[in-house]
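Breakdown of the fold
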Amino acid sequence: SGRFPKDKLLLGFDEEQKPIEADFTTMYSTLIGGQSGSGKSTLVRSILAQAALQDSKFVVIDPHFNAGEESLGSSLMPLRSHMVMDIASTEGEMREALNYVLEIGKRRLLGDSDKSTLVLVVDETTALLQRSNIKDLLQEVLGQITQETRKVHVYAICIGQNFHSDIIDTTVRNSFCSFVSCRARKEVARMQSGDS
């Protein structure tokens, strides 16, 4: 209904129904936390659809992509033309995707003129950081994005249930500029983020 901003992202509405807007230069990289069914994937789909309208490109990691239509990756297929590679779901594909983002970031930091918005989207971040063989590479890439390449328009959106310091390196977690807690009480959001 014409309510989407042209140069920002509509994240939702406050209690007074005023729009909550941001863009990647204010959000930088974002952790989206919440329990199953709390709206994390719906929020990410909305953000990415709006970002696609602004010509952003994406690299998507979804370990459950082949699990069916309800996976985040499957629901993002209408945005396929904005993805720089196929959705990564296997360990090898995830490594390839992470190395790609790492290399793009390094090139841009060295002066590459491409400054278009590139967003690494990682679904099931909590599980990948707890029980996968890519956890070290994932931490490295997230560290690079949150601490350096955000300056050259490479960002991350990480979706998970818990971002406590037992799961994600504290320095990396604390370098994320935004944390969105989906339908969680304040004390639950504090526990998920490790932020009092």
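Everything below is about the structure shown above.
Overview of the structure. This is a predicted model, so every value here is computed, not measured.

Helix α6 (residues 135-147) packs onto helix α4 (residues 91-109) with a crossing angle of 25 degrees between their chain directions and a minimal axis gap of 10 Å. It follows from the interaxial angle that α4 and α6 lie roughly parallel. Two packed elements cross with a definite hand, and for α4 against α6 that hand is left-handed. Contacts from R95, L98, N99, V101, L102, G105 and K106 of α4 reach α6 at L137, L138, E140, V141, Q144 and I145. Here the residues of the contact of α4 with α6 are counted per class, giving seven nonpolar, three polar and three charged.

Turning to the pairing of strand β3 (residues 30-33), a few remarks are in order. For a regular strand, side-chain orientation follows a simple rule: the groups alternate between the two sheet faces. Judged by which residues are buried, β3 turns out to be covered on both faces: T30 and I32 on one side and L31 and G33 on the other are all buried. As defined by bridge partners, β3 adjoins strand β6 (residues 154-160) across four bridges and the pair is classed as parallel. Paired with T30 across the two strands is I157, which belongs to β6.

Grouped together as the largest cluster of nonpolar side chains are 30 residues, with contacts concentrated most on I61, L98, L120, V141, L142, C158 and F176. At the level of secondary structure, the elements contributing two or more residues to this core comprise β4 (57-61), α4, β5 (118-122), α5 (125-131), α6 and β6. Of all the elements, α4 adds the most residues to this core, at six residues. Excluding residues within four positions of it along the chain, F176 makes contact with S29, T30, L31, L142, T146, A156, C158 and I168. The next biggest cluster of nonpolar side chains, apart from the first, holds 24 residues, and it includes M27, A52, V60 and L79.

Basis of the calculations
Residues numbered from 1 in each chain as written. Predicted model: local features only at pLDDT ≥ 70, side-chain atom pairs only at ≥ 80, totals over all residues. Heavy atoms only, no water. Axes fitted to C-alpha atoms, helices over the stretch in contact; angles between N-to-C directions. Helix = DSSP H or I, 4+ residues; strand = E, 2+ residues; numbered from the N terminus. Parallel < 35°, antiparallel > 145°, perpendicular 65-115°, else oblique. Left-handed = near helix turned anticlockwise from the far one by under 90°. Contact = heavy atoms within 4.5 Å. Nonpolar A, V, L, I, M, F, W, Y, C, P; charged D, E, K, R; others polar. Buried < 20%, exposed > 50% of the residue type's maximum accessible area, 1.4 Å probe, protein only. Pairing = 2+ DSSP bridges. Core = buried A, V, L, I, M, F, W, Y, C linked by side-chain atoms within 4.5 Å.

Read these as layout, nothing more, since geometry by itself doesn't imply function.
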